[in-house]
Amino acid sequence: MRLIAVLTFTFLIFLVSCSDSHFYEASHNLIEDKWLYSDTLEYSVTIDDTTASYDLLLDIQHGLNYAYQNIYVQIRTRFPEGSVVDQTLPIDFADKQGVWYGDCGRQDCDLSVVLQEGV
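1. Quick look at the overall build of the protein
Here comes step 1: Summing up its helical and strand segments, the protein has one helix and seven strands in all.
Here comes step 2: Split into buried and exposed, the 119 residues of the protein put 30% on the buried side.
Here comes step 3: Restricting the contact set of the protein to residue pairs at least 6 apart, pairs at least 24 apart contribute 57%.
Here comes step 4: Taken as a whole, the protein presents about 8400 Å² of accessible surface, with 49% of it coming from carbon and sulfur.

What follows is the structure, given as structure tokens:
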């Protein structure tokens, strides 16, 4: 088993309109086998067409030996009229028996999570 594939934890976040095209996409690879609370990622997306609806998705790829069953994601949304909504969302990687969610192969799992719909 390749060590890099096992230790890599990939975040891919993208904003998708109601069609299949991506409006925004960014990714970050974690090379070491750790993720600290102080290790934050920030993505800023400006939406010009505020009449369109978008879905905010998070794709996560992790090794099968990833030691945790969940993470928490904090989302801050600023709306055109100036209001701000902060959300902290738990994302489960596995059920209580330790069975991974998502599409898992021999070395890693791909999990796609809808963070916000129709925003």
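Here the narrative resumes.
2. Quick word on the state of the cysteines
Here comes step 1: Across all of its chains, the model carries one disulfide by this definition.
Here comes step 2: Covalently, Cys104 is tied to Cys109 through a disulfide, its sulfur atoms 2.0 Å apart. On the S-S bond that ties Cys104 to Cys109, the torsion sits near 110°, and the link is right-handed.

3. Here's the deal with the side chain of Asp95
Here comes step 1: The topology assignment puts Asp95 in the loop between strand E5 (84-92) and strand E6 (103-104).
Here comes step 2: Comment: no salt bridge for buried Asp95; closest opposite-charge side chain is Lys96, at 9.7 Å.
Here comes step 3: For Asp95, the side chain forms a polar contact with the main-chain nitrogen of Val99, separated by 2.9 Å.
Here comes step 4: If sequence neighbours within four positions are ignored, Asp95 has contacts with Gln69 and Tyr101.

4. Details of the nonpolar core
Here comes step 1: By size, the foremost hydrophobic cluster in this structure holds twelve residues: Leu56, Leu58, Ile60, Tyr66, Ile71, Val73, Ile75, Ile91, Phe93, Leu111, Val113 and Leu115.
Here comes step 2: At the level of elements, strand E3 (54-63), strand E4 (70-78) and strand E7 (108-116) are the ones that each hand at least two residues to this core.

5. A few points about the pairing of E4
Here comes step 1: Burial of E4 is one-sided: the residues Ile71, Val73, Ile75 and Thr77 facing one way are buried, the residues Asn70, Tyr72, Gln74, Arg76 and Arg78 facing the other way are not.
Here comes step 2: Of the strand pairs in this sheet, E4 and E5 are connected by nine bridges, and their pairing is antiparallel. Residue Arg76 lies in a different strand from E5, and its bridge partner there is Asp86.
Here comes step 3: The hairpin turn running from E4 into E5, its antiparallel successor, is five residues long, and Gly82 in that turn takes a positive phi close to 105°.

6. A few points about the environment of Asp103
Here comes step 1: The residue Asp103 is located in strand E6 in this model.
Here comes step 2: The exposed category is assigned to Asp103, whose relative accessible area is 56%.
Here comes step 3: Along the chain, Asp103 and Gln61 lie 42 residues apart, while their C-alpha atoms are 9.4 Å from each other.
Here comes step 4: With near-sequence residues (within four places) excluded, Asp103 lies in contact with Asp108, Cys109 and Asp110.

7. Focus: the environment of Lys96
Here comes step 1: Looking at the element boundaries, Lys96 is found in the loop between E5 and E6.
Here comes step 2: For Lys96, a relative accessible area of 81% translates into the label exposed.
Here comes step 3: In sequence terms Lys96 and Gln69 are 27 residues apart; their C-alpha atoms lie 8.5 Å from each other.

8. Re the confidence of the model for the protein
Here comes step 1: When pLDDT is averaged along the protein, the result is 76, and 79% of the positions lie at 70 or above.
Here comes step 2: For the protein, per-element mean pLDDT is lowest for helix H1 (residues 3-7), which scores 36, and highest for E6, which scores 92.
Here comes step 3: Counted against residues more than four places away or in other chains, residues 1-19, with its pLDDT under 50, gives 77 contacts.

Analysis parameters
Residues numbered from 1 in each chain as written. Predicted model: local features only at pLDDT ≥ 70, side-chain atom pairs only at ≥ 80, totals over all residues. Heavy atoms only, no water. Helix = DSSP H or I, 4+ residues; strand = E, 2+ residues; numbered from the N terminus. Buried < 20%, exposed > 50% of the residue type's maximum accessible area, 1.4 Å probe, protein only. Contact = heavy atoms within 4.5 Å. Areas by Shrake-Rupley, 256 points an atom, 1.4 Å probe, with all protein chains shown as cover. Disulfide = S-S within 2.5 Å. Lys, Arg positive; Asp, Glu negative; His and termini not counted. Salt bridge = Lys/Arg side-chain N within 4 Å of Asp/Glu carboxyl O. Polar contact = N/O pair within 3.5 Å; in protein donor to acceptor, adjacent residues only side chain to side chain. Core = buried A, V, L, I, M, F, W, Y, C linked by side-chain atoms within 4.5 Å. Pairing = 2+ DSSP bridges. pLDDT = per-residue confidence, 0-100.

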